[in-house]
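The residues making up each chain are set out below.
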Amino acid sequence: MEKVLLLLSLFVLENCNSLSSHSALSYEQLYDLGMDAYKNGKWDKCSSLFQKAIDDYHFYKRTLIDCRLKCKDKKAPPSFSNILVEGNCLRKCKKKVLGFRAELEVSFAVNKKFEERAPYNYMSFCYFKDEQFKAAASAAFTYYVTHPEDERTLESLQFYRLQKGVEEEDFVDKEKRSYQSHYISGLTAYNDREWVTAADHFQQSLSDYFIEEERCRVGCENGFVHGVFPDFINAIADHYLTVLVCEQKCLKMLSTFGTDEVKDFVCEHFNYLQYAYYQANNFEKAFESIANYLLFKPKDGLMLSNIKYYMETLGYSADLFTPSKIVREYVDMWKAIDSQLDFIRESYILPNDVISPDAEAVMKDSEEVYLEDSSLAVNRSANVVVFEKLGLHLVNEGKQFKGNDRFMADGLIRDDQCAALADLARAMPENEFGVRSASLKDSVQIVSKSEDYEISMRLFFRGLALMRLYTSAYFDDSSLHVSHASIVCRSGAVHSDLSLPESCVPQEDGSCWNPNLQKPKYTVVAYLTDNTDGTGQFYFRGDNGQVQAKVDPICGRLVGFGRDSRHGLNLSWRHDRCALVVQLSSVLPEDPGIQEVKKLMAKLDEERMKGLDEKDNAAVLNEFYKQGVKVSLHGEQLFGRERFVADGLSTPAECDQLISLARREGISGDGYQGRPSPHSSSELYSGLGVNRALKLGKVAGDGYPDGPTDSPIKTKFVSPYSKYEVFEGLNISRSLMLVDENRISANILHLFLDISEHARLLVEKFFNQTRRLYFDYTHLVCRTALDGDTEDVEKTLSHPVHADNCIIQDDGSCEKDPLAYVQRTYSAVMYLNDDFEGGQFFFAHKNKSEQVSISPTCGRIVAFNAGEYHGVKGVTKGQRCAIAMWFTNDPNFVEVSRLHAIRRLRSIDSENNNEKHDGLDDEFDTATGSNDNIDNKQSKLERELNSGKTESDLHIVREDRHEQTMKADSGSHSGVEVRRESLMNLEGTIDYNAGRIEDLSERNGDVESRDEL
């Protein structure tokens, strides 16, 4: 019958040139007709058919939801009698409006195409071929909003902008919902300080959103194919489970603008509203907004401080802070849903789960076996104690995991390294089950096409080597080699849609469990993403299928197990789930990709060795001197061979900009990822790194191993060496995050990278390196003096005597230990100010006594061999700010966050359609050691030298950058202004997460916004 309808429709199309006969066709059929017209080059017909298909898709979805809402009796108590009445009403409503289509099923694949806006993509091309450029621009933009990575669509949009008659208002997202428009208008008015208008838009956005969310949740009540024959109650429960999962996905779907998810979307409305109402002198609504916000985050310190401000400073009473009824009901509803989802994650038994009748007896017997072998676990834990020096700590094994061949350790790699490794898998195509996988051989191919991924490949190689060493040590088995290694990412956006085989137990390598496959002796998995929302868990399972132990994946976590341990994983509902999976064997052949990676790395290293020579070094140094850089002290003047002090590397204005950045956005103790300080292995402090701090949303305790673990949030970080200083810092990773959140301009990050790159180049050339020098770590840090007895403060060192790549022993020698960052070859500190007392840098004798000291000043750099003994005197008054830098000749230890920052800045330049930042590509090539850059003498400064630019030309490059930075940050709301400009220019490709405007008690009790501070 369906074929007859299609043939009849085609006949009508061809002979009557009319679309009226399509009213009885479904959007699936219309889409197929549109594709036929598209393939046959019938452009006017294909655009019309695709538009009809889109209209019918919305009509069909809207009808289903309207009927479900119409037939729901919210006041009626739940009972099967009421279900029968509602079901009858629903079927009658659908048949009345949809006719015979009421019970038709549209394929999942077609629905997915409409959800992903595929018809707009084809329709834009049809309009283009028909020379209807205005309509083509609208269709292309609608598709581009959710596919910003599609370069063809971007090129098409740029073409349409140049066509006569196409105006800016033609670039419209035809799928944009009303609450999104009001939210964007609210942000725009908020940034323009039009408080009443902003509040009105935010309130309307909330009202429209609640309606849209309810419709989305009702839309989840679709049919369900069980695939088995469950009992009546199980059928209901299993179907309800899919509805709950779908409802939770509504939150992410509706809070995503284009491809950018606005975190805590509903909650953040009240954050903006409370401040807008305050500015509009509508305190009653401000109080309600604060109370509404606290329903979502009852322990939010800044919002609680706002209440305290209103009560203690302005004299209002606590009973005025009452949430609205609709918001309270909304929060209660989601608490109930979350509670049900928690039960499903922890306890609910799915149809393909296997539970033995005597499972409890099996578990009891197993525990007795583990107790008997407890001595084995003790010995194994002792085998890996040495790895704790690398920050890799054993946290679980043996009895806790219900198996003697299982272990878990934390701290293998940092967050930025996790992201770089996951990039390899994400560069691969996705299979039908949402899995992307990159082997060692794949990584060689990826790097051969784009050297941007070289550091990812090197991390891959280093990571699997360390995983093999750790596993070999733990099991005391030196015969192990890598038989296979891959990086596997599973998409988190398709959990409820995937049709995995019913019997499939997903494995870490991307496959389904197969008892017939030959297993490696051991498998070890390093997680690259955080999946802590209760989904994406790894689990061990017994012979009878029962779950024995679960693991939440987090970046750097290691799980190892033997061939007899069965495992599985839960698919992630929200986020991508990525892992580095290494199989170890004594029998299976070695992964051939290992040799291919070695050959490629050797080739790249060999080519780089040709890139530097002494003549180039001397020429670049002369150019530095022409630009005003002066080496003040060196060598014997500093009582050492590889030491120098230079001045003039940055201007006072640039120093001020970086100090302002550190003071405004620095995080206490930032930059060390919970590991020993990069200054030296001898440092004991371990602060909370920026990425973890951002995820946790707070800095708990003081960050020291022996300090309190449950103290309140602290805004200051007392130095581990001096109780008279606070220590605050900012690394490149956090700086990049601030750019993405529009809290600082991209030009500030450019400046941070530029100045530190100039420092690196000077160090490389002055020490006459014939091998490239790479950044290992960069840290913008300020140390501020606290009140104390002046005499005591003067005796205290801000940083005790140490070396940067070895551990100083009692006899004055320095031991090369892995903890001491032995890869570091040179270090440097560039100072940003001198308006403080104390804080002098000094070189030291082997007995740690002072040898010679250097006073800081803006633009002064102290550089030295990383093995030199040095320290820092205590700051007695004021604040001392500097950029600390550590360098290495080993490309395997390149600072990954710097590469991410340069890539992101390139992307920002491209998004803004601006001319690329002068030297940005050169800096990326220098950071990665790109072969292209070798031919170009490895940096912008060197290229300019060879191009014959004059001294004034070269100086202008830096001055222009400073002027751009000053212009970008001249206003008190620079980040907000950039965000507003982006909203006005290209709504579909921006980050809609705005900076929080919360704390009402800043600046002597006056209400201010954080952006303003």
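Conventions we followed
- Residues numbered from 1 in each chain as written.
- Predicted model: local features only at pLDDT ≥ 70, side-chain atom pairs only at ≥ 80, totals over all residues.
- Heavy atoms only, no water.
- Helix = DSSP H or I, 4+ residues; strand = E, 2+ residues; numbered from the N terminus.
- Buried < 20%, exposed > 50% of the residue type's maximum accessible area, 1.4 Å probe, protein only.
- Contact = heavy atoms within 4.5 Å.
- Areas by Shrake-Rupley, 256 points an atom, 1.4 Å probe, with all protein chains shown as cover.
- Pairing = 2+ DSSP bridges.
- Axes fitted to C-alpha atoms, helices over the stretch in contact; angles between N-to-C directions.
- Core = buried A, V, L, I, M, F, W, Y, C linked by side-chain atoms within 4.5 Å.
- Polar contact = N/O pair within 3.5 Å; in protein donor to acceptor, adjacent residues only side chain to side chain.
- Expected span 1.5 Å × (residues − 1).
- Arc of directions from axis to C-beta.
- Salt bridge = Lys/Arg side-chain N within 4 Å of Asp/Glu carboxyl O.
- Left-handed = near helix turned anticlockwise from the far one by under 90°.
- Nonpolar A, V, L, I, M, F, W, Y, C, P; charged D, E, K, R; others polar.
- Disulfide = S-S within 2.5 Å.
- Patch = residues over 30% accessible without salt bridge, like charges linked within 9 Å, V, L, I, M, F, W, Y side chains within 5 Å.
- Parallel < 35°, antiparallel > 145°, perpendicular 65-115°, else oblique.
- pLDDT = per-residue confidence, 0-100.

## Quick look at the overall build of the chain
- In terms of regular secondary structure, the chain is built from 33 helices and 28 strands.
- A buried classification covers 53% of the 1013 residues belonging to the chain.
- Sequence separation of 24 or more characterises 74% of the internal contacts of the chain that already satisfy a separation of 6 or more.
- Total accessible area on the chain is roughly 46100 Å²; 50% of this is exposed by carbon and sulfur atoms.

## Side note on the sheet that holds strand 6 (residues 481-490)
- Within the open sheet, the seven strands sit side by side as 3-4-10-7-12-6-5. Their pairing is antiparallel. Both edges of this open sheet fall to strand 3 (393-397) and strand 5 (435-439), since each of them pairs with a single strand only. Going from strand to strand, the sheet's axes swing by 20 degrees on average, the running direction of each strand aside.
- Two elements, strand 7 (residues 522-527) and strand 10 (residues 558-562), share five bridges in a ladder whose sense is antiparallel.

## Digging into the nonpolar core
- Counting residues in hydrophobic clusters, the biggest one holds 55 residues, and the most contacted among them are Tyr 183, Phe 202 and Tyr 209.
- Of all the secondary-structure elements, those providing two or more residues to this core are helix 9 (178-191), helix 10 (195-219), helix 11 (232-254), helix 12 (265-279), helix 13 (283-296), helix 14 (301-313) and helix 15 (325-346).
- Element by element, the count of residues in this core is highest for helix 12, at ten residues.
- In terms of nonpolar packing, the next biggest core, distinct from the first, is built from 54 residues, Leu 421, Met 428, Cys 489 and Cys 578 among them.

## A look at the side chain of Asp 410
- Mapped onto the elements, Asp 410 comes out in strand 4 (residues 406-410).
- A polar atom in the side chain of Asp 410 sits 2.8 Å from the side chain of Arg 557.
- In this view, Asp 410 contacts Gly 391, Leu 392, His 393, Val 395, Ile 554, Gly 556 and Arg 557; residues no more than four positions away in its chain are not counted.

## Looking at helix 4 (residues 80-98)
- Between its first and last C-alpha, helix 4 extends 26 Å over 19 residues, near the 27 Å set by a 1.5 Å rise per residue.
- Restricting attention to buried positions, one finds in helix 4 the residues Cys 93, Lys 94 and Leu 98. Angularly, the buried residues of helix 4 cover 95 degrees about the axis, an arc narrow enough to put them on a single face. Across helix 4 from its buried face, at more than 90 degrees, point the exposed residues Ser 81, Leu 84, Val 85, Asn 88, Arg 91, Lys 92 and Lys 96.
- Elements that come into contact with the buried residues of helix 4 comprise helix 3 (43-71).
- Once helix 4 finishes, Gly 99 follows within two positions and takes phi at roughly 65 degrees, a positive value.

## Observations concerning the pattern of salt bridges
- With the rule as written, the count across this model stands at 29 salt bridges.
- Across the pair Lys 72 and Glu 221 runs a salt bridge, and its minimum N-O distance is 3.1 Å. A residue pair is termed long-range when its members are at least 10 positions apart, and Lys 72 in the loop between helix 3 and helix 4 and Glu 221 in the loop between helix 10 and helix 11 qualify at 149 residues.
- The exposure class assigned to Lys 72 is partly exposed, which follows from its relative accessible area of 27%.
- Here Lys 285 ties to Glu 288 by a salt bridge, and the two come within 3.0 Å at their closest N and O atoms. Taken as a pair, Lys 285 and Glu 288 lie in helix 13 at a separation of three residues, close to a single helical turn.
- Exposure remark for Lys 285: the relative accessible area of 26% places this residue in the partly exposed category.
- One continuous salt-bridge network, built from bridges that share partners, spans Glu 757, Arg 760, Glu 764 and Lys 765.

## Let's talk about unusual backbone geometry
- Although it is not a glycine, Arg 117 sits at a positive phi angle of roughly 65 degrees.
- Tracing the chain through its elements places Arg 117 in the loop between helix 5 (108-115) and helix 6 (118-129).
- Take Arg 117: its relative accessible area is 13%, and that puts it in the buried class.

## Considering the packing of helix 3 against helix 4
- Interhelical geometry of helix 3 versus helix 4 gives an angle of 150 degrees and a closest axis separation of 9 Å. Every pair of crossing elements has a handedness; the one defined by helix 3 and helix 4 is right-handed. Residues Phe 59, Tyr 60, Thr 63, Leu 64, Cys 67, Arg 68, Lys 70 and Cys 71 of helix 3 form the contact with helix 4, whose participating residues are Glu 86, Cys 89, Leu 90, Cys 93, Lys 94, Val 97 and Leu 98.
- Across the contact of helix 3 with helix 4, the residue classes break down as ten nonpolar, one polar and four charged.

## Here's the deal with the state of the cysteines
- Counted by the stated rule, this structure contains eleven disulfides.
- With a sulfur-sulfur separation of 2.0 Å, Cys 67 is cross-linked through a disulfide to Cys 93. Looking down the S-S bond of the Cys 67 and Cys 93 bridge, the torsion is -70 degrees, so its handedness is left-handed. Taken as a pair, Cys 67 in helix 3 and Cys 93 in helix 4 lie far apart in primary sequence, 26 residues in all. Judged on exposure class, the residue Cys 67 and its partner Cys 93 are both buried.
- Cys 782 shares a disulfide with Cys 881; S-S distance 2.1 Å. Here the S-S torsion is close to 110 degrees, and the disulfide linking Cys 782 with Cys 881 is therefore right-handed. Highlighted residues: Cys 782 in strand 17 (residues 774-785) and Cys 881 in strand 28 (residues 879-888), separated in sequence by 99 residues.

## Digging into the side chain of Ser 443
- Among the structural elements, Ser 443 can be located in helix 19 (residues 440-449).
- Leaving out residues up to four positions away in the same chain, Ser 443 has contacts with Leu 424, Met 457, Phe 460 and Val 597.

## Quick word on a nonpolar patch on the surface
- On the surface, Phe 80, Ile 83, Phe 232, Ile 233 and Ile 236 cluster together into a nonpolar patch covering about 540 Å² of accessible area.
- Of all the secondary structure elements, the ones that give two or more residues to the nonpolar patch are helix 4 and helix 11.
- By residue number, the principal contributor to the nonpolar patch is helix 11, which donates three residues.
- Here Phe 232 lies in helix 11.

## Description of the pairing of strand 28
- Among the ten residues that make up strand 28, ten are buried, leaving the element largely enclosed by the rest of the structure.
- Side chains Gln 879, Cys 881, Ile 883, Met 885 and Phe 887 of strand 28 all project onto a buried face; the interleaved residues Arg 880, Ala 882, Ala 884, Trp 886 and Thr 888 project onto the opposite face, where all are buried too.
- When strand 17 meets strand 28, the two strands line up antiparallel, connected through ten bridges. By the bridge assignment, Thr 784 is partnered in strand 28 with Gln 879.

## Some details on the sheet that holds strand 23 (residues 841-844)
- What the four strands build is an open sheet, ordered 18-26-23-24; its pairing is antiparallel. Of all strands in the sheet, those with a lone pairing partner are strand 18 (797-802) and strand 24 (850-854), marking the two edges. The sheet shows a mean angle of 25 degrees between the axes of neighbouring strands, taken without regard to direction.
- Note: strand 23 against strand 26 (residues 870-873), three bridges, orientation antiparallel. Bridge assignment links Phe 843 to a residue of strand 26, and that residue is His 870.

## Quick notes on the packing of helix 2 (residues 27-39) against helix 5
- Between helix 2 and helix 5, whose axes approach to 10 Å, the crossing angle comes to 75 degrees. The pairing of helix 2 with helix 5 is recorded here as roughly perpendicular in orientation. Touching Tyr 27, Glu 28 and Tyr 31 of helix 2 are Val 110, Asn 111, Lys 113 and Phe 114, all from helix 5.
- Looking at the contact of helix 2 with helix 5, its residues break down into four nonpolar, one polar and two charged.

## Looking at the pairing of strand 14 (residues 643-647)
- For strand 14, the buried fraction is high: five of the five residues fall into the buried class.
- Where burial is concerned, the two faces of strand 14 agree: the one with Arg 643, Val 645 and Asp 647 and the one with Phe 644 and Ala 646 are both buried.
- Note that strand 13 (residues 630-634) and strand 14 share four bridges and pair antiparallel. Residue pairing in the sheet places Val 631 in a bridge with Ala 646 of strand 14.
- Note that strand 14 and strand 25 (residues 861-865) share four bridges and pair antiparallel. When the bridges of strand 25 are listed, Arg 643 appears paired with Phe 864.

## Here's the deal with the confidence of the model for the chain
- Averaged over all residues, the pLDDT of the chain equals 76, while 75% of them reach at least 70.
- Counted against residues more than four places away or in other chains, residues 354-378, with its pLDDT under 50, gives 19 contacts.
- A low-confidence stretch, residues 668-724 (pLDDT under 50), is modelled with 156 contacts involving residues beyond four sequence positions or located in other chains.

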